[in-house]
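Residues per chain, in single letters:
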Amino acid sequence: MSEVKRLECSLNISRFRLDGLNYWPLIRFQMNYYRKYSQWSYKSVYKVGAVSVIMLASIIVLNFLRFYLLSLTSRKPRFVKPVDDCTNDYSCLEQRDVLIVALNKEHHAIVGGKRAAPLMDGIALSLPDQSYYKLVLGASEEELNSLLIGGGSLSYQRAVKRRFENSYRQPKSLSKLYDTLKVLIRCWLVERKLGQTGLKVNPEELLYRLDMIQAQKQEFMSFLRSLSPKVVYLTSYTGRTFIVAAAKELGIPVVDVQHGGMHRFNVACTHWNYVPEEGYELLPDFFWCWDGSVAQMVNDTISHHHQAISGGNPGYHFWCFGHDIVKENMSDEIVAGIEKVQLLSEEKPIVLVALQYGKDELLDSHVIEVFRETRNDYQWLFRMHPMGLDRKDELLDILEGSVDVGLVDWASSIPLPYLLMGTSFLLTKSSTISREAIPFGIKSVFWSKKGAEIHHDIVEDGGAAVALNSGELKEILCSNDYILEKQFELSNVGKQVSSTLEYLNNLFMNNRGTK
């Protein structure tokens, strides 16, 4: 984050604009993605650096000249246009105050044979049935029928189909050409300032993203005008910036719900050292955080244009608060899993290993060593990250078949709050589950310097410990002072989520957009 701060303090971020959007957030997200994966999410034709900027600029200028010359000769240039194949008609729907947005793939939980998205469904269950629509991106009508919380659900297929990789290289006016070249120049300036830090930007990917956001934003604005909600709730806003931009242009507030544990270096929510006077068009108005410490962490590093509120964890609310629709449809497998946690914890102390995704090694050698030495004394459970399930075979190879694959699958699928209720120790490299564990009275153990640095605040407060070798880890497992005061109460989660929704809905009661 120090490099980001240096950039935001030395560059004139207010000038990073194209087509009415300040695109600096996209550059931040891009640098963070490259830091984590050492590759681009968009396969670029051109490499980064000054040479790539010159090459890409040359292509764009040549395409513009081609367009201009063809227009002089009255020949129609071949430019790819958006194709509207959206057959959904929302104009006849009644207006409702709340729009909840979720991806189809976020409905990964199976409850009674039905699919659920615990985080966003936790919000839906706290609202009156006729007060909201739930918009499921990318769902077919058949998939909508398979949802647990299906009342008021709408399918939304993105209608814009465009060869984005070509369209941004084909400006159709001199002003568009000028603005596009300015984006390239600013990317080059950022590259220069980054130097040898290991962070990079990709101007081609940036232009691609901007072009795609603009096309999808215009389409989604039409949809929002039909429904005219007072507020939009979504999660993981960085992948849905076109929704944020569309709603904010229409004067509709956007609330992004925290989707996982958060630490102080979270690039999407914290350390915005510069915020334009009018705020960022691509950032939500409110960050819904699970607890007050996280909300304070966000508010300390961002301006009043984008506020954080402490609203509780809607996912825990979904699983634990006892809604009839969840209790009635709870599968025998989940119920048996909850009972299994209790039985395992009575036999031996449970050591839950929260694994992560990405390019880092799954386990450090000293953790494997302690596992082999203590597996008869403790019940070791390995929980795969939802985005790292494809690394299960890698885990089995590392542990040389000394762990039950069925236990890995079970520990990775059971709702986390039920698993934490029976856990004695949480081991992780740097997972933010360590923060979720504290209210359950669990003291986490980081086995890496990375985890100790990212979460130094909870280490200093006594909510976590650090074990960088096998001796330190064994000492912690054998000690009696790892138990924290349990703060988690199921009823409090439901009350907090409901009261937050009531507060926000009252805040937006008179809002129906401005445009």
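Quick caveat, the model's predicted, so the values are computed rather than measured. Along each chain, the written sequence defines residue order, and numbers are assigned to residues from 1. pLDDT decides what is reported in this predicted model: residues at 70 or higher carry local features, side-chain atom pairs at 80 or more are listed and counted, and totals for whole chains, interfaces and linings draw on all residues regardless. No hydrogens and no water enter the side-chain calculation; it runs on all heavy atoms of the structure.

A. How the structure looks around the packing of helix α1 (residues 2-10) against helix α7 (residues 174-194). To get an axis, a line is fitted to the C-alpha atoms, and for a helix only the part in contact is used. The angle between two axes follows their N-to-C directions and goes from 0 to 180 degrees. Per the convention used, a helix needs a DSSP run of H or I reaching at least four residues, while a strand needs a run of E reaching at least two, with both numbered from the N terminus. Packing of α1 against α7 leaves a shortest axis separation of 11 Å and a crossing angle of 130°. Taken as axis vectors, α1 and α7 run oblique relative to one another. The handedness of the crossing between α1 and α7 comes out as right-handed. Of the residues in α7, those touching α1 at Arg6, Leu7 and Ser10 are Val190, Lys193 and Leu194. Looking at side-chain class alone, the contact of α1 with α7 contains three nonpolar, one polar and two charged residues. Any angle from 65 to 115 degrees is called roughly perpendicular, while one under 35 is roughly parallel, one over 145 is roughly antiparallel, and all others are oblique. Working rule for handedness: look at the near helix, and if it is turned counterclockwise from the far one by less than a right angle, call the crossing left-handed; if clockwise, right-handed. A contact between two residues is defined here by any heavy atoms of the two lying within 4.5 Å. Three classes are used: nonpolar for Ala, Val, Leu, Ile, Met, Phe, Trp, Tyr, Cys and Pro, charged for Asp, Glu, Lys and Arg, and polar for all others, with Gly counted as polar.

B. The pairing of strand β15 (residues 379-383), seen in detail. For β15, the tally of buried residues reaches five of five residues, placing the bulk of the element in the interior. The rule is simple: take the accessible area with a 1.4 Å probe, protein chains only, and divide by the maximum for that residue type; under 20% is buried, over 50% is exposed, in between is partly exposed. Side chains of β15 alternate between two faces, with Gln379, Leu381 and Arg383 and Trp380 and Phe382 buried alike. With five bridges joining them, strand β14 (residues 350-354) and β15 adopt parallel strand pairing. In the sheet register, Leu352 faces β15, and the bridge partner there is Leu381. Handedness rule for crossovers: strands pointing away from the viewer, path from the first strand over the helix to the second running clockwise, crossover right-handed. Handedness of the crossover joining β14 and β15 through helix α14 (residues 365-374) is recorded here as right-handed. Two strands qualify as a pair provided DSSP detects at least 2 bridges between them.

C. Fine view of the packing of helix α8 (residues 203-227) against helix α9 (residues 241-249). Where α8 meets α9, the axes come as close as 8 Å, and the angle between the chain directions of the two elements is 50°. Judged by the inter-axis angle, α8 sits oblique to α9. Crossing of α8 against α9: the hand is right-handed. Touching Ile213, Gln216, Lys217, Phe220, Met221 and Leu224 of α8 are Thr241, Phe242, Ile243, Ala245, Ala246, Ala247 and Glu249, all from α9. Along the lines of polarity and charge, the residues of the contact of α8 with α9 split into nine nonpolar, two polar and two charged.

D. Expanded view of the packing of aromatic side chains. Stacked, tilted and edge-to-face pairs are distinguished by plane angle, under 30 degrees for stacked and over 60 for edge-to-face with tilted covering the rest, among Phe, Tyr and Trp rings (Trp via its six-membered ring) whose centres lie within 6.5 Å. Counted according to the given criterion, the structure contains 16 aromatic pairs. With a centroid separation of 5.8 Å and an interplanar angle of 90°, the aromatic rings of Phe220 and Phe242 are classed as edge-to-face. Of the two residues, Phe220 sits in helix α8 while Phe242 sits in helix α9, which places them 22 residues apart along the sequence. The pair Phe220 / Phe242 is uniform in exposure class, with both members buried.

E. Representation of the nonpolar core in the model. The nonpolar core is taken to be a set of buried Ala, Val, Leu, Ile, Met, Phe, Trp, Tyr and Cys residues, with the residues joined through side-chain atoms within 4.5 Å. Within the largest apolar cluster, 69 residues are counted, with the highest numbers of intra-cluster contacts made by Trp24, Leu99, Phe220 and Leu224. Among the elements that make up this core, the one with the highest residue count is α8 (nine residues). Judged by nonpolar contacts, the second largest core, of 53 residues, contains Ile149, Trp290, Tyr316 and Cys320.

F. Quick peek at the pattern of salt bridges. The working definition used for a salt bridge is a side-chain nitrogen of Lys or Arg within 4 Å of a carboxyl oxygen of Asp or Glu. The final tally for this structure, using the stated rule, is 18 salt bridges. Linking Glu205 and Arg209 is a salt bridge whose minimum nitrogen-to-oxygen distance equals 3.7 Å. Of this pair, Glu205 and Arg209 both sit in helix α8, four residues apart, which is roughly one turn of the helix. Here the residues in one salt-bridge network are Arg17, Glu278 and Glu281, joined through shared partners.

G. Spotlight on the sheet that holds strand β16 (residues 423-428). Spatially, β15-β14-β16-β17-β18 is the arrangement adopted by the five strands of the open sheet, whose pairing is parallel. Sheet topology places β15 and β18 (464-466) at the edges, where each strand pairs with a single neighbour. Averaged over all adjacent pairs, the angle separating strand axes in this sheet is 25°, with direction ignored.

H. Spatial organisation of unusual backbone geometry. In this structure, Asp19 takes a positive phi of about 50° despite not being glycine. Along the polypeptide, Asp19 turns up in the loop between β1 (17-18) and β2 (21-22). For Asp19, a relative accessible area of 39% corresponds to the partly exposed category.

I. Structural context of helix α21 (residues 470-478). For α21, the set of buried residues is Ser470, Leu473, Ile476 and Leu477. Taken end-on, α21 shows its buried residues confined to a sector of 130°, consistent with a single buried face. Opposite the packed face of α21, turned more than 90 degrees from it, sit the exposed residues Glu475 and Cys478. The elements touched by buried residues of α21 are β14, α14, β15, β16, β17 (444-446) and β18. Within 3.5 Å is the distance limit for a polar contact, defined as a pair of N or O atoms, with the added protein rule that one can donate a hydrogen and the other accept it, and that residues adjacent in sequence qualify only through two side-chain atoms. With a side-chain oxygen positioned 3.1 Å from the backbone nitrogen of Gly471, the residue opening α21 is Asn469. It is the directions from the helix axis to the C-beta atoms that the arc portrays.

J. Molecular detail of the sheet that holds strand β7 (residues 132-137). Taken in spatial order, the seven strands line up as β8-β7-β4-β10-β11-β12-β13 in an open sheet, and their pairing is parallel. Because the sheet does not close on itself, it has two edges, and the strands there are β8 (153-156) and β13 (307-310). Going from strand to strand, the sheet's axes swing by 25° on average, the running direction of each strand aside. Pairing of strand β4 (residues 98-103) with strand β10 (residues 231-235) involves three bridges; the strand directions are parallel. Bridged to Ile100 within β10 is Tyr233.

K. Spotlight on the environment of Asn376. Position of Asn376 among the secondary structure elements: in the loop between α14 and β15. Put simply, Asn376 and Lys348 are 28 residues apart on the chain and 8.9 Å apart in space, counted from C-alpha to C-alpha.

L. How the structure looks around the environment of Gly261. Summarising the element assignment, Gly261 is placed in the loop between β11 (254-257) and β12 (286-289). Note: C-alpha distance between Gly261 and Trp290 (29 residues apart in sequence) is 8.3 Å. The contact partners of Gly261, leaving out residues within four places of it in the chain, are Trp290, Thr432 and Glu436.

Function cannot be read off these values alone, since they describe shape.
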